[in-house]
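# Architecture and fold: a report
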Amino acid sequence: MAQVSFNRIRRTYGEFTALDDVNLGIESGEFICLLGPSGCGKTTLLRILAGLEQPTAGDILVDGADFGAVPCHRRNIGMVFQSLALFPHLSVGENIAYGLDVRGVAKEQRRARADELTELVGLPGLYDRPVSALSGGQRQRVAIARALAIEPVLFLMDEPFSALDAGLREHLQIEVKKLQRKLGVTTIFVTHDQNEAMSIADRIVILNGGVIEQAGTPTEVYARPRSEFVANFVGTNNVLEVEFTPGADVMWNGISLGRPTGDMASLHGRRKLSIRPEYLQLAPAGTTGTGMVGTVEFVRLLGAQIETELTVSGHTIIDTMISDRPPAFGEGDTAEILINLDHAWVIPS
């Protein structure tokens, strides 16, 4: 296990800035997901930590010591790439034991460690099987076992499951998280899939344009986004630019959204309000005479949820509800949209 500190990391490529003044602390044994769109800098940050690239400025500390001065091959980092990079001419066990062989570990010890890891990742008895004879999920497990064989102080994964089908991807996400908890190794996992990050991370670090927009637990980044980018990137969200007046209702485009409570009751002026779809409620138009009225544009079933898309004065509003009964509204219907302000969040300006 290792503690990591990124201090003012900057990485430029000519005129392009991939990372700009990145500061991040990672606790020993944490499972961190670097999340963001393509080109946001997440893989660059991972490669800098691995020693595959050098920062233009800033430094990295691991357990309080300068890590930037340590050559790549001496950093004792286990890494799983998106391409896996397994050796096709070697067996499962030989692939797993490769790093130990390079380090001069005796053959008997290599075999024992590889056998231990095949059991650990759910591939018992496959030491001698060619990797070409494995399924995609099995090859992923071999890559993970190979990275863990050297008993790394850090375990890095760069979108390792992106090429797998949804069912297998979800299964391996759970298995990797269980394995990480068992071993306690500090893990940094790069992904652009918000659902993947939400399901396995202790903390999610959201990058955009080379800067950290927000770092927090999955609950924090989902329920309390600190920027409009985070609000829209993580999950489905409704962002409304509203008018606050102390002692009065919150107004949006001349429509009352109700009287705010708590910290929102003292706000004044125009602010952006974030509200997740599950905290809206739909009712037939005219039921209460309050709230906004929208026209249903689209209804779709998402397994356990029904998602309803409505428009109000050209603005799209998304509502979700548990699919324990048939949809109450169809395309072209009108519905009142009631907002629970107790679950709304003002995005910091």
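Everything numeric here is computed off the predicted structure, so don't read it as measured data. (Residues numbered from 1 in each chain as written. Predicted model: local features only at pLDDT ≥ 70, side-chain atom pairs only at ≥ 80, totals over all residues. Heavy atoms only, no water.)

## Remarks on the overall build of the protein chain
For clarity, the cut-off: Strands here mean DSSP runs of E at least two residues long; helices mean DSSP runs of H or I at least four residues long; both are numbered from the N terminus. Exposure classes here rest on a 1.4 Å probe applied to the protein chains alone. A residue is buried below 20% of its type maximum, exposed above 50%, and partly exposed in between. Method for areas: the Shrake-Rupley scheme with a 1.4 Å probe, in which residue coverage is limited to the protein chains shown. Within this scheme the basic residues Lys and Arg register as positive and the acidic residues Asp and Glu register as negative, but His and the chain ends are omitted. In this description, the location of a charge corresponds to atom NZ of lysine, CZ of arginine, CG of aspartate or CD of glutamate.
Within the protein chain, the secondary structure is distributed over nine helices and 20 strands. Along the longest, intermediate and shortest principal axes, the C-alpha atoms of the protein chain span 80 × 45 × 35 Å. The buried share of the protein chain, reckoned over its 349 residues, is 46%. Accessible area of the protein chain: about 16500 Å², with a carbon and sulfur share of 50%. Charged side chains of the protein chain number 31 positive and 42 negative; the gap between the two group centres comes to 7 Å.

## Topic: the domain arrangement of the protein chain
The figure often quoted for interface size is the accessible area lost as the parts come together. As a reminder of what qualifies: An automatic or database domain assignment supplies the start and end points of every domain. A contact between two residues is defined here by any heavy atoms of the two lying within 4.5 Å. For any pair of parts, buried area is found by adding up, for both, the accessible area (1.4 Å probe) each one loses once the two are put together.
Taken domain by domain, the protein chain comprises domain 1 (4-231) and domain 2 (236-347). The C-alpha-based centres of domain 1 and domain 2 are spaced at 39 Å. Taken together, the contact pairs nine residues of domain 1 with eight residues of domain 2. Buried surface at the junction of domain 1 and domain 2, summed over both partners, amounts to about 830 Å²; 47% is from carbon and sulfur atoms.

## Quick notes on the state of the cysteines
Under the convention used in this document: Pairs of cysteine sulfur atoms within 2.5 Å are what we label disulfides.
For the structure on display, the rule yields zero disulfides. Free of any disulfide, Cys 33 has its nearest neighbouring cysteine sulfur in Cys 40, separated by 12 Å. For Cys 33, a relative accessible area of 0% puts it in the buried group.

## Points about the sheet that holds strand β8 (residues 186-191)
Note the following rule: Any two strands are treated as partners once DSSP identifies two or more bridges connecting them. To obtain each axis, a line is fitted to C-alpha atoms, and for helices this fit is confined to the stretch in contact; angles are then taken between N-to-C directions over 0 to 180 degrees.
The sheet built from six strands is open, its strands ordered β6-β7-β8-β3-β9-β10 with mixed pairing. In this open sheet, the two strands that pair with only one neighbour each are β6 (77-80) and β10 (211-216). On average, each strand axis in the sheet is tilted by 15° relative to the strand beside it, whichever way the strands run. Where strand β9 (residues 203-208) lies against β10, five bridges are found, and the strand directions are antiparallel. Residue Ile 204 lies in a different strand from β10, and its bridge partner there is Gly 216. Set on the sheet, helix α5 (residues 136-149) makes contact with β6 and β7 (154-158); between it and β6 the angle comes to about 170°.

## Thoughts on the packing of α5 against helix α6 (residues 166-183)
Helix-helix packing is characterised by the crossing angle of the two axes and by the distance between the axes. Rules: For classification, angles of less than 35 degrees are called roughly parallel, those exceeding 145 degrees roughly antiparallel, those between 65 and 115 degrees roughly perpendicular, and all remaining angles oblique. Each crossing is labelled by how the near helix is turned from the far one, with a counterclockwise turn of less than a right angle marking it left-handed and a clockwise turn marking it right-handed. Under the scheme applied here, ten amino acids are nonpolar (Ala, Val, Leu, Ile, Met, Phe, Trp, Tyr, Cys and Pro), four are charged (Asp, Glu, Lys and Arg), and all others, including Gly, are polar.
With their axes 11 Å apart at the nearest point, α5 and α6 run at an angle of 20° to one another. In this view, α5 runs roughly parallel relative to α6, as classed from their interaxial angle. Remark: the crossing between α5 and α6 carries right-handed chirality. Along its contact with α5, which presents Gly 136, Gly 137, Gln 140, Arg 141, Ile 144 and Leu 148, the element α6 presents Leu 168, His 171, Leu 172, Glu 175, Val 176, Leu 179 and Leu 183. Tallied by class, residues from the contact of α5 with α6 come to seven nonpolar, four polar and two charged.

## Describing the packing of aromatic side chains
How two aromatic rings sit relative to each other is given by the distance of their centres and the angle of their planes. For clarity, the threshold we go by: Geometry of aromatic contacts follows a simple scheme: Phe, Tyr and Trp rings, the Trp one being its six-membered ring, pair when their centres are within 6.5 Å, and the pair is stacked under 30 degrees between planes, edge-to-face over 60, tilted otherwise. For a lysine, the NZ atom is tested; for an arginine, the CZ atom; a charge sits over a ring if that atom is within 6 Å of the ring centre and within 35 degrees of the ring normal.
By the definition in use, this model includes four aromatic pairs. Ring centres of Phe 87 and Tyr 98 lie 4.6 Å apart, and the angle between their planes is 45°; on these two criteria the pair is classed as tilted. Here Phe 87 is found in the loop between β6 and α2 (92-96), whereas its partner Tyr 98 is found in helix α3 (residues 98-102), with eleven residues between them in sequence. What makes Phe 87 partly exposed here is its relative accessible area of 26%. Through a chain of ring-to-ring contacts, three or more aromatic side chains come together here, namely Phe 31, Phe 161 and Phe 189. The side chain of Arg 11 reaches across the aromatic face of Tyr 13, ending 4.2 Å from its centre. In this arrangement the basic side chain of Arg 111 is found over the ring face of Tyr 127, its NZ or CZ atom lying 3.6 Å from the centre.

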